[in-house]
Amino acid sequence: MRERFVRFMYGRYGMDKLGISLIVASMVITLLSSWFRLDLIIVSYALLIWEIFRYFSKNTNKRSLENVKFLSLTADFKKRFSLVKNKIRDRKTHRYFECTTCHNNLRVPKGKGEIRVTCPVCKTITIIKT
């Protein structure tokens, strides 16, 4: 049975990050429409059908380009979310500040007084009070 599935899937695109996001979005929309009595179930089904189409598609180049575009659009959101998560995690021991030249986020330990910080990206030296 497994060999038959492997033969069937040969040359097909399969699952990727965009596909997982479409399935999760479909589930969230289904839950919201059932909880709040909204008529969004058609949108949920459309997302599932789109994912099934992508999963079984043999045009792997086009599906790969769709996934790359999706990842590039969500990269900024992931970076910002990661920064906020790190700021919350390190709030007692470190302080974050932005480099004045390249706007890179830098992390310095708290309670060290005035320290000289060198940005690893642009090599600008900044004196900051922690």
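Right above here is the structure, for reference.
Our subject in this report is the structure included herewith. Nothing here was measured: the structure is a model prediction, and the numbers come from that model.

1. Describing the packing of helix H2 (residues 17-35) against helix H4 (residues 60-89)
At their nearest, the axes of H2 and H4 sit 8 Å apart, and the two run at 70° to each other. Compared by their axis directions, H2 and H4 come out roughly perpendicular. For the pair formed by H2 and H4, the contact residues are Lys17, Leu18 and Ser21 on the first element and Glu66, Asn67, Phe70 and Leu71 on the second. Split by residue class, the contact of H2 with H4 holds 3 nonpolar, 2 polar and 2 charged.

2. Topic: the packing of aromatic side chains
Evaluation of the coordinates by the stated rule reveals 3 aromatic pairs. With a centroid separation of 6.4 Å and 20° between ring planes, the pair formed by Phe77 and Phe81 is classed as stacked. With Phe77 and Phe81 both in helix H4 and 4 residues apart, the pair spans about one turn of that helix. We note that Phe77, like Phe81, is exposed. Connected via pairs of aromatic rings, a cluster forms that spans Phe8, Tyr55 and Phe56. Over the face of the ring belonging to Phe8 we find Arg12, whose NZ or CZ atom lies 4.3 Å from the ring centre.

Rules used in this analysis
- Residues numbered from 1 in each chain as written.
- Predicted model: local features only at pLDDT ≥ 70, side-chain atom pairs only at ≥ 80, totals over all residues.
- Heavy atoms only, no water.
- Axes fitted to C-alpha atoms, helices over the stretch in contact; angles between N-to-C directions.
- Helix = DSSP H or I, 4+ residues; strand = E, 2+ residues; numbered from the N terminus.
- Parallel < 35°, antiparallel > 145°, perpendicular 65-115°, else oblique.
- Contact = heavy atoms within 4.5 Å.
- Nonpolar A, V, L, I, M, F, W, Y, C, P; charged D, E, K, R; others polar.
- Phe/Tyr/Trp six-rings, centres within 6.5 Å; stacked < 30°, edge-to-face > 60°.
- Buried < 20%, exposed > 50% of the residue type's maximum accessible area, 1.4 Å probe, protein only.
- Lys NZ or Arg CZ within 6 Å of the ring centre and 35° of its normal.

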